[in-house]
Amino acid sequence: MKLPQAFLEKMQDLLGGEFAAFLQSYELPRAAGLRANSLKVTAAKLRALLPFAVEPVPWCPDGFYYDDAAVRPAKHPYFYAGLYYIQEPSAMLPAQMLAPQPGERVLDLCAAPGGKSVQLAGQLARQGLLVANDIHPQRAKALLKNLERCGAVNAVVCNETPDRLARVFAGFFDKILVDAPCSGEGMFRKDPDMVRTWSEQAVAKYAAWQADILRHVPAMLRPGGTVVYSTCTFSPEENEKQLGRFLAGHPDFALEGSERLWPHKVRGEGHFVAKLVHRQTSGDEPVPASPRRPPLAPAVRQALADFARQVWGQADAWEAWLPEGGTVVERAGHVLWESAALPGLKGLRILRSGWLLGTLEKGRFRPSQALALGLPEPAVAEARQRCDFTARDEAGRYAAVRYLRGETVQADERDWPAGWHLVAVDGFALGWAKGAGGWLKNEYPPGWRWEDGEEG
Ligand SMILES: C[S@@+](CC[C@H](N)C(=O)[O-])C[C@H]1O[C@@H](n2cnc3c(N)ncnc32)[C@H](O)[C@@H]1O
């Protein structure tokens, strides 16, 4: 790989005697990883389920290496069921260092496409609140889909600038992750395009962007809160020097620790991660008040009850799936569960304010893809109207892939009752199908489908 001369000179200065080993790491294949989604499966269970070999990532208990020359984990029904997220192993460290606890309020400020957001949602275990934001509109859409696929029910997805977020979320978050845009020097092996766009001016430009993003972080943190700052680059201007300037301007913060992951020392790409804690100097400040949410209209409750009776045989089954600490609201035909902790979001660009359960069509409830993928395990197991696939044998796996492609549902030949059926693979929800005339109609949404032309 041809690397820019100015980059090599900088790295030689930075690494001294280790420079030769660092250069040699560019001759080695990059490390590929995936992480068990703890909202759906434990790492041990995933390892037992996967039809290919994986090895543990030392710094992340849910993380695994796989051989990307031999397997394509994104082409498996379990990926579509959200059992794992494909993530570069070093990128698993920032959320580990932030270590949110269930019930906390967490902001992922630069979140798309969402690897770390999904990890944070797993750590929160359906309790508390995750606000996942990205400034780029298309990337924010990808973030939403990844969070939905992984069943992150307590996540709010925004497409905002940090300063506009800070106006709404003053003193709100227990923990904030700033996975900053950067010059990507640590990704040269994974993404050779980053080499082409690298220049010393680019490093300076990113350093200025990062400072501008960091500037708004203290205002959103509660007194005594924690911030993790991470990049996938080596340049001190974007890492230690960046934080040095931040700390000089914010004496109420302290650096609790930092780590550099070097590709010649670990099985992973280059990363920098630092943890900053706010030294509580004043009492807790009041967090923004949540707006009162009107009670759900009786007609909406009835529509939910009719749907729940159809799928689970019980009208109140829907209340059991909901996470604690929130309410169901209806907005312009969209039925959502929202966290009670959420302040008023007026004026912000919000892609999703909570868990989209479904929509109302002519007074009837139509379940969303996010509902299927966010259902807790018992709700999947207890669904009476359910169509099961298995990925444990080739024929079953092929039938599941056909469903994911949006083709005719290849279910066993029984007389399928009318109404909604939850579709699952080996006990994990994939989506919905609808019974009509004894058959099942495929309701897997077009934007989620297994792409044509790809093997099953
Ligand atoms: C390194 S990537 C984030 C990767 C992500 N955390 C993950 O794990 O998938 C940086 C992201 O920051 C976003 N970004 C850039 N400037 C931003 C800003 N001022 N505010 C919020 N997001 C920003 C970019 O669109 C990009 O998606």
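Residues numbered from 1 in each chain as written. Predicted model: local features only at pLDDT ≥ 70, side-chain atom pairs only at ≥ 80, totals over all residues. Heavy atoms only, no water.

A.B. asks: Describe in detail unusual backbone geometry, supporting the description with residues and values.
C.D. replies: Residue Pro113 is reached from Ala112 by a cis peptide bond, and omega for that bond is 5 degrees. As for its placement among the helices and strands, Pro113 is situated in the loop between strand 5 (105–108) and helix 6 (115–124). At Asp426, a position not held by glycine, the phi torsion is positive, near 50 degrees. (Helix = DSSP H or I, 4+ residues; strand = E, 2+ residues; numbered from the N terminus.)

A.B. asks: Tell me about the site of the ligand, and please be specific about residues and values.
C.D. replies: Surveying the vicinity of the ligand reveals 18 residues, the closest of which are Gly114, Lys116, Asp134, Arg139 and Asp179. With respect to the ligand, the backbone of Gly114 contributes an N or O atom lying 3.0 Å from an oxygen atom. Taking Lys116, its side chain carries an N or O atom lying 3.0 Å from an oxygen atom of the ligand. Relative to its unbound accessible area of 600 Å², the ligand is 83% covered by the protein chains. Of the residues assigned to the shell around the ligand, the class counts are ten nonpolar, four polar and four charged. (Near = heavy atom within 4 Å. Polar contact = N/O pair within 3.5 Å; in protein donor to acceptor, adjacent residues only side chain to side chain. Areas by Shrake-Rupley, 256 points an atom, 1.4 Å probe, with all protein chains shown as cover. Nonpolar A, V, L, I, M, F, W, Y, C, P; charged D, E, K, R; others polar.)

A.B. asks: Can you lay out the pairing of strand 11 (residues 271–278) for me, pointing to particular residues and giving the numbers?
C.D. replies: Burial of strand 11 is extensive: seven of the eight residues sit out of reach of the surface. Sheet topology places strand 9 (residues 221–231) next to strand 11; six bridges connect them, and they run antiparallel. The residue of strand 11 that forms the bridge with Tyr229 is Ala274. (Buried < 20%, exposed > 50% of the residue type's maximum accessible area, 1.4 Å probe, protein only. Pairing = 2+ DSSP bridges.)

A.B. asks: I'd love a proper account of the sheet that holds strand 12 (residues 326–331), names of residues and values included.
C.D. replies: The four strands are arranged 12-13-15-16 in an open sheet whose pairing can be described as antiparallel. Lying at the two open borders of the sheet, with one neighbouring strand each, are strand 12 and strand 16 (364–367). Shown here is a sheet whose adjacent strand axes are inclined to one another by a mean of 30 degrees, direction ignored. Pairing of strand 12 with strand 13 (residues 334–339) involves six bridges; the strand directions are antiparallel. Pairing of Val328 across the sheet is with Trp337, part of strand 13. Contacting strand 12, strand 13, strand 15 (355–361) and strand 16, helix 13 (residues 298–312) crosses the sheet at an angle of about 60 degrees to strand 16. (Axes fitted to C-alpha atoms, helices over the stretch in contact; angles between N-to-C directions. Contact = heavy atoms within 4.5 Å.)

A.B. asks: Requested: an account of the UniProt feature "active site" (unreviewed entry) in the protein, with residues and values cited.
C.D. replies: Feature annotation in UniProt places "active site" (unreviewed entry) on Cys232, given in this structure's numbering. Here Cys232 is to be found in the loop between strand 9 and helix 12 (240–249). Residue classification places Cys232 among the buried positions, given a relative accessible area of 18%. With residues up to four places along the chain from it excluded, the contact list for Cys232 reads Cys182, Gly184, Glu185, Gly186, Met187, Gly270 and His271. (UniProt positions renumbered as here; feature names shortened; annotations may be inferred.)

A.B. asks: Can you tell me about the sheet that holds strand 7 (residues 155–158), naming the residues and giving the values?
C.D. replies: Reading across the sheet, the eight strands line up as 10-11-9-8-5-6-7-14 and stay open at both edges, with mixed pairing between neighbours. Because the sheet does not close on itself, it has two edges, and the strands there are strand 10 (253–261) and strand 14 (350–352). Mean inter-strand twist for the sheet, computed between neighbouring axes without regard to direction, equals 20 degrees. As paired strands, strand 7 and strand 14 are joined by two bridges and run antiparallel to one another. Across the sheet, residue Cys158 finds its bridge partner in strand 14, namely Ile350. Sheet strands touched by helix 6: strand 5, strand 6 (129–133), strand 8 (173–179) and strand 11. Its angle to strand 6, the strand with the most contacts, is close to 175 degrees.

A.B. asks: Break down the packing of aromatic side chains for me, citing the residues and quoting the values.
C.D. replies: Tallied over the full model, the rule gives 24 aromatic pairs. Aromatic pair Phe169 and Phe173: ring centres 5.1 Å apart, planes at 40 degrees, arrangement tilted. The class for Phe169 is buried, based on a relative accessible area of 0%. Here Phe307 and Trp432 contribute two aromatic rings whose centre-to-centre distance is 5.5 Å and whose plane-to-plane angle is 70 degrees, an arrangement assigned as edge-to-face. Of this pair, Phe307 sits in helix 13 while Trp432 sits in strand 19 (residues 428–436); the two residues are 125 residues apart in sequence, bridging distant segments of the chain. Residue classification places Phe307 among the buried residues on the basis of a relative accessible area of 2%. Ring-pair connections join several aromatic residues into one group, and the members of that group are Phe307, Trp312, Trp321, Phe365, Trp420 and Trp432. Over the ring of Trp450 we find Lys75; its NZ or CZ atom is 4.4 Å from the centre of that ring. Cation over ring: Lys205 sits above Tyr206, and NZ or CZ is 5.2 Å from the ring centre. (Phe/Tyr/Trp six-rings, centres within 6.5 Å; stacked < 30°, edge-to-face > 60°. Lys NZ or Arg CZ within 6 Å of the ring centre and 35° of its normal.)

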